[in-house]
Amino acid sequence: MAHFEKKFQIDLPWPVRRIRADLVIIGGGAAGCAAAIFAKHRRPELSVLVLEKAHISRSGCLAMGLNAINAYLGESSPQDYLAYVKRDNYGICRDDLVLSIGERLNRMVAFIEGLGVPFPRDSNGRYCKRSPRSIIMLGEHIKPLLARAVLKSGATVLNRTPAVRLLTGDNGARVCGVVGFNMRSHEIVVIHAGAIIVATGGASGIYRPSNPGLARTKTWYCPYNAGSGLAMGIRAGAEVTSFEMRFVALRTKDVIAPTGTLALNMKLPHRNARGEPYLLLKEQILGRRLTTAERLLFTLEEHQRGAGPCYIDLSSLDKEGYRRLIENYLNMAPSIVLDLLQDPAHPKTRIEICGSEPYINGGHGMAGFLVDTGRRSNLAGLYAIGDAAGGAPKKYVSGCCAEADIAVTSFLQDYSMGDTLVSCDAASESLAIQQTLKPLMNSSELTFTDIEDRLQKIMEEYAGGSTQNYECSGDKLLFARSSLETLAEHAEEVGAVDGHTLSRAHDALDRVLLARVLVEHLLARCETRWPCYQSRVDFPVSNDLEYRLFINSCMRNGRISLIKRDVTPPYQIKEGQI
Ligand SMILES: Cc1cc2nc3c(=O)[nH]c(=O)nc-3n(C[C@H](O)[C@H](O)[C@H](O)COP(=O)(O)OP(=O)(O)OC[C@H]3O[C@@H](n4cnc5c(N)ncnc54)[C@H](O)[C@@H]3O)c2cc1C
C-alpha cells in the first residue's frame, strides 16, 4: 500500500493530500496497468501507485477493446521485426528500442492471454493470423481484465486523478514526485516517489477533428489522451524525439473505426469510386508491399485525380461473413456496428474511408520521450513507456506491455542501487500546486473549448491538417509558430469551475505546448520523409544526406531548443546543428 499521510488544509481552495510511494505510474492504460502488475509481481513489498485521470477499467486507447494484437513474432525473429519496422518507417527508428520490444513480444502475448483474454486458435493450436505479425484476439474485455489484475497485484490506484506537474529535486536534476488532483473529491494530491513511469499515451485534439459539434470526440485516437505526460516532461526538461513524424490513420469515414478489421480480418479490397482496386494496382506497379503511409498517400491521390471517394468493398460478404464482421467490430469499435446494422434487410456493400487528423503518438508512430534502452528519460527518476515513449514505432499494445516490462526492470535495478532517495525541492512543490489550481483562480471567461478551437484552427490550416492534405510549408509553419506563441499567452488565462473543467483546462494548456514543439520539429525537417505524416511542399523529396537523423528537442528557460541525434547506434548527441 502507498502510505497516505493525514489530510491538512492550507490556504488553497482545495485541501492537499500527501502520499509517498516507491513507484508512481502516471496513466493506467495498457502500458501503465502492465507496469503496475510487473512491478508488484517482482517486488510485492514495494508501494506502487497508479494515477489515472479516468477509471482504469475503461480508459485510454483500449477502452472499447481490441480485436487483434498487431505486433507478434510467432516463429520470426526480433531482427525480422526490426527490418519490417525500419522499412515501413523510411529507414529511421531506434534499433535498440525496437529489438528490445521484439525480444519480448511473444511473452507479452502470453501475458495478455493469461489475463483471460480469448485468442482463437487454428486446427494446429496456433494463434489465428490476420497478417504476418498480427493475430486475432477477442479483446472487448481486455481493459477490465487488466484493471482486475492491477487490483489483484496489490498496487494502489487513484482513479479520476489527473497528474498535472512533475516535482523535481536535486535542483531540478531528478524527478521525485508529481502533483495532481481528484476530479470528484476536489483534493490536490502531492505524491513523493522513488521514481515515476509516464504512461499517459500520445496526444489527440491538436488538429481539428473531422467530426463537428458533439461528435468532435469521435476521433481515432483516444480523445482524452491530451499528451499530458509529454507536456509535464517537457516542462521539467525532458528531451522528446521525432514529434514531426505525426501519425495519421486511414480509417472508416465519420465513425472513424479501424480498417484493419475489414482489410486484414475479412480480406476485403480497397477500391476507388470507379471500383478499381487502387492499392493493389499500386503494389503491382511498384512490385512491393506498400508502406502504411503510402496506403494513406495513394488514397489521397485518388481524391486528387477525381477518383474518390475511396471505400472498402463489402459486396463479397455473404450473410455469415457480415455476421463475423459485426462480431469482430464488437470487440473493438462498437459504434460502427450501429452503422452496419442500420438496415438489416440491406447490408452495406461499401464503407467509405478517409485519413484521420494527425496525432502525436509513439505506439503507431515514433513521437515521444527520448528514452534509453531501459526506457529511462534524460531526467533521473523518470521513465517513459507505451505511446508516450518515442523512437520505436509499430509497438502497438504488445510492445507497450514489453516497454512496461523493460522500465520496471530498469527501475528495480536503479532502485536497488539506492539511486532514488531524493526529496523534492519545496519551491518546485509549491509552484506545482499553484500551477495546478491556477485555472480555478482565473477570473477570465476563457474556456478550454475556446483554446482548443483556436489551436485546432491554427494547426489545421497552417501546420498540415487533413483539409490541407497533411502538407506543410516553411512559411505557413512560421505563421503557425507566431500564432501559437500568442495563443499560449492567452491560454494562461483559461478558467475552470470544478474538477472536470480543471482537467480539461490543463488538457488544453498541454495541447498548446505540444503543438508548439511539434511546429518546431516540422520546421526543422527540411525534406519530406514520411508522406502525409511529414510532408513539406517546399522540400518535396527525402534528403538522406542531411536528414537521416532524429530531430529531438527540449525546453530550456522556457524556449524550445532543437537537437540532432544520430540515427545509428550508439545514438550520440550532436547539438547545435539545426
Ligand atoms: C482506436 C485504436 C485501435 C487500436 N488497435 C490496435 C490493435 O488492433 N492492435 C494493437 O496491437 N494495438 C492497437 N492499438 C494501439 C494500442 O491500443 C496502443 O498502442 C496502446 O493501448 C497504448 O497504450 P498506452 O498505455 O501507452 O496508452 P493508453 O492505453 O491510451 O493509456 C493512457 C492512459 O493514461 C491516462 N492519462 C492520460 N493523461 C493522464 C494524466 N494527466 N494523468 C493520469 N492519467 C492520464 C489515460 O486516461 C489512459 O488511461 C490501437 C489504438 C487505437 C487508438
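See the structure printed just above.
Residues numbered from 1 in each chain as written. Predicted model: local features only at pLDDT ≥ 70, side-chain atom pairs only at ≥ 80, totals over all residues. Heavy atoms only, no water.

J.: Just checking my understanding: could you explain the overall build of the chain for this structure?
T.: For the chain, the count of helices and strands is 17 helices and 22 strands. Rg of the C-alpha trace for the chain: 23 Å, near the compact-globule value of 25 Å for 578 residues, within the 12% margin. Overall, the chain is about 70 × 55 × 50 Å in size when its C-alpha atoms are taken along their principal axes. Excluding contacts between residues fewer than 6 apart, the proportion of contacts in the chain whose partners are at least 24 apart in sequence is 73%. Of the roughly 22,400 Å² of accessible surface on the chain, a fraction of 53% belongs to carbon and sulfur atoms. Taken as two groups, the 68 positive and 62 negative side-chain charges of the chain have centres that lie 3 Å from each other. (Helix = DSSP H or I, 4+ residues; strand = E, 2+ residues; numbered from the N terminus. Rg over C-alpha atoms; globule rule 2.2 N^0.38 Å. Contact = heavy atoms within 4.5 Å. Areas by Shrake-Rupley, 256 points an atom, 1.4 Å probe, with all protein chains shown as cover. Lys, Arg positive; Asp, Glu negative; His and termini not counted. Charge placed at Lys NZ, Arg CZ, Asp CG, Glu CD.)

J.: Is there a simple way to think about the packing of helix H1 (residues 30-42) against helix H5 (residues 142-153) in this case?
T.: Two numbers describe a pair of packed helices, the interaxial angle and the distance between the axes. Running from N to C, H1 and H5 point in directions that differ by 30 degrees, and their axes come no closer than 9 Å. Comparing their axes, H5 and H1 come out roughly parallel. Here H1 runs over H5; the crossing is left-handed. Facing Ala30, Cys33, Ala34, Ala36, Ile37 and Lys40 of H1, the residues of H5 in contact are Lys143, Leu146, Ala149, Val150 and Ser153. Classifying every residue of the contact of H1 with H5 by side-chain character gives eight nonpolar, one polar and two charged. (Axes fitted to C-alpha atoms, helices over the stretch in contact; angles between N-to-C directions. Parallel < 35°, antiparallel > 145°, perpendicular 65-115°, else oblique. Left-handed = near helix turned anticlockwise from the far one by under 90°. Nonpolar A, V, L, I, M, F, W, Y, C, P; charged D, E, K, R; others polar.)

J.: Would you mind showing me how to read helix H13 (residues 426-441) here?
T.: Counting along an α-helix, one turn takes 3.6 residues, and residues three or four places apart therefore face a common direction. With 16 residues, H13 extends 22 Å from end C-alpha to end C-alpha; this agrees with the ideal 22 Å at 1.5 Å per step. Where H13 bends most, at Gln435, the angle is about 30 degrees, and the proline Pro439 comes one to four residues later. Listed in full, the buried residues belonging to H13 are Ser428, Glu429, Ala432, Ile433, Thr436, Leu437 and Pro439. The secondary structure elements touched by the buried residues of H13 are strand E2 (16-26), strand E8 (163-169), strand E9 (174-182), strand E10 (187-198) and helix H16 (499-524). (Expected span 1.5 Å × (residues − 1). Bend = angle between axes of the 7 residues up to and from the residue. Buried < 20%, exposed > 50% of the residue type's maximum accessible area, 1.4 Å probe, protein only.)

J.: Is there a simple way to explain the site of the ligand in this structure?
T.: The ligand sits among 34 residues. The nearest are Ala31, Glu52, Ser59, Ala68 and Asp387. The contact in question runs from a nitrogen atom of the ligand to an N or O atom on the backbone of Ala163, over 2.9 Å. Protein coverage of the free-state accessible area of the ligand, which is 1,000 Å², stands at 97%. Put simply, the parts of the chain that give the shell around the ligand at least two residues each are H1, strand E4 (66-69) and helix H12 (396-416). (Near = heavy atom within 4 Å. Polar contact = N/O pair within 3.5 Å; in protein donor to acceptor, adjacent residues only side chain to side chain.)

J.: What is the right way to look at the side chain of Asn442 in this model?
T.: For Asn442, the location among the structural elements is in the loop between H13 and helix H14 (448-462). At a separation of 2.9 Å, a polar atom in the side chain of Asn442 contacts the main-chain carbonyl oxygen of Glu492. When sequence neighbours within four positions are dropped, the list of residues in contact with Asn442 reads Glu492, Glu493, Val494 and Gly495.

J.: How should I be thinking about the environment of Gly102 in this particular structure?
T.: Following the sequence through the fold, Gly102 ends up in helix H3 (residues 95-102). Look at Gly102 and you get buried, because its relative accessible area is 3%. Contact partners of Gly102, with chain neighbours within four places excluded, come to Leu73, Pro78 and Tyr81.

J.: What is the right way to look at unusual backbone geometry in this model?
T.: What is expected of a backbone is that most residues other than glycine have negative phi and most peptide bonds are trans. Each neighbour pair has its own omega, and for Gly308 with Pro309 the value is 0 degrees, a cis peptide bond. In this fold, Pro309 is placed in the loop between helix H9 (292-304) and strand E14 (311-313). Of note, Arg375 is a non-glycine position whose phi angle comes to about 65 degrees, a positive value. For Arg375, the location among the structural elements is in the loop between strand E16 (368-369) and strand E17 (382-384). In this structure, Tyr470 takes a positive phi of about 65 degrees despite not being glycine. Structurally, the position occupied by Tyr470 is in the loop between H14 and strand E18 (471-472). For Tyr470, a relative accessible area of 1% corresponds to the buried category.

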